[in-house]
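Residue-level structure breakdown
The chain contents come next:
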Amino acid sequence: MYDDRLEIINPGVLHFDITPEKLARSHESKPWNPIIASVFYRAGIIEKWGMGTLNIIEWCKENKNPAPGWEVRAQSVVTTFLPSRFFSTAPQDHELGTTRSRLESRPESLEDEVLGLLQKGSLSKGEIAKNLGHKFISGGLKKTLSHLLKQGKIAYTIPEKTNSRLQKYRIEKIEMNYEG
């Protein structure tokens, strides 16, 4: 992670005449390990061959992020993500006529946003993601929920079955005992 970008580096080179330019448009997909790729396809992790990079570009577009870039560097494939303009450091706030960080007008963190949503009632991971304006459950959301659970700020609605498809999250109620 850098101040101005996120780079994901995968050791190895592109094979089968794939170039970084081809990754940004429809291209033939030839998996390096067809057995593993087949398992992912049957599990629903892969929807359609040759669409992974196009899906990433579409998700970036839907979230108002610039399209990622790919390059081969030092026998590795590097995917670079740039932040959206939402995270720029000093955009104009036209309504107030002042310059300030857009982050100041939003909750401080994803944790704050999740806690705010759960104040209204119990929600599943999918419902939380949808309320945040996301099309899918991100790794960041999963990590945030796990962190909030560990901190005791939220709890499962079905604690005995944490992996239930009906599982939801709720604000943890803290009982206060007053002796007096």
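First things first, this report covers the structure right here in the doc.

Conventions adopted
- Residues numbered from 1 in each chain as written.
- Predicted model: local features only at pLDDT ≥ 70, side-chain atom pairs only at ≥ 80, totals over all residues.
- Heavy atoms only, no water.
- Axes fitted to C-alpha atoms, helices over the stretch in contact; angles between N-to-C directions.
- Helix = DSSP H or I, 4+ residues; strand = E, 2+ residues; numbered from the N terminus.
- Parallel < 35°, antiparallel > 145°, perpendicular 65-115°, else oblique.
- Contact = heavy atoms within 4.5 Å.
- Nonpolar A, V, L, I, M, F, W, Y, C, P; charged D, E, K, R; others polar.
- Core = buried A, V, L, I, M, F, W, Y, C linked by side-chain atoms within 4.5 Å.
- Buried < 20%, exposed > 50% of the residue type's maximum accessible area, 1.4 Å probe, protein only.
- Phe/Tyr/Trp six-rings, centres within 6.5 Å; stacked < 30°, edge-to-face > 60°.
- Lys, Arg positive; Asp, Glu negative; His and termini not counted.
- Salt bridge = Lys/Arg side-chain N within 4 Å of Asp/Glu carboxyl O.

1. A word on the packing of helix α4 (residues 110–118) against helix α6 (residues 139–151)
The contact between α4 and α6 brings their axes to 10 Å, and the two run at 75°. Taken together, the axis directions place α4 and α6 in an arrangement best described as roughly perpendicular. Mapping the contact onto sequence places L110, E111, V114 and L115 in α4 and G140, L141, T144, L145, H147, L148 and Q151 in α6. Considered class by class, the residues forming the contact of α4 with α6 number 6 nonpolar, 4 polar and 1 charged.

2. Section: the nonpolar core
Counting 14 residues, the largest nonpolar core has V114, L118, I128, L141, L145 and I154 as its most contacted members. Elements represented by at least two residues in this core include exactly α4, α5 (125–131), α6 and β7 (169–171). If you tally residues by element for this core, the top one is α4, at 4 residues. Leaving out residues up to four positions away in the same chain, I154 has contacts with L115, L118, L145, L148, L149, Y169, R170, I171 and E172.

3. Here we look at the packing of aromatic side chains
A full pass over the atoms with the stated rule returns 2 aromatic pairs. On the basis of an interplanar angle of 45° and a centroid distance of 4.8 Å, the ring pair of W59 and F136 is categorised as tilted. On the criterion of sequence distance, the pair formed by W59 in helix α3 (residues 52–62) and F136 in the loop between α5 and α6 is long-range, its members being 77 residues apart. Look at W59 and you get partly exposed, because its relative accessible area is 34%. By relative accessible area, which is 37% here, F136 ends up partly exposed. Ring plane angle 40° and centroid distance 5.5 Å describe the contact between Y156 and Y169, whose orientation is recorded as tilted. Residue Y156 is located in strand β6 (residues 154–156), and its partner Y169 is located in strand β7; the two are separated by 13 residues in the primary sequence. For Y156, a relative accessible area of 25% translates into the label partly exposed.

4. So, the side chain of E111
The residue E111 is located in helix α4 in this model. Buried charge without a salt bridge: E111, with K153 as the nearest opposite-charge side chain at an N-O distance of 4.5 Å. Discounting chain neighbours no more than four positions away, the residues touching E111 are T144, H147, L148 and Q151.

5. Quick look at the environment of I128
One can find I128 in helix α5. Here the alpha-carbon distance between I128 and Y169, two residues 41 residues apart in the chain, equals 9.2 Å. Aside from chain neighbours lying at most four places away, what touches I128 is V114, L117, L118, L123, L141, L145 and Y169.

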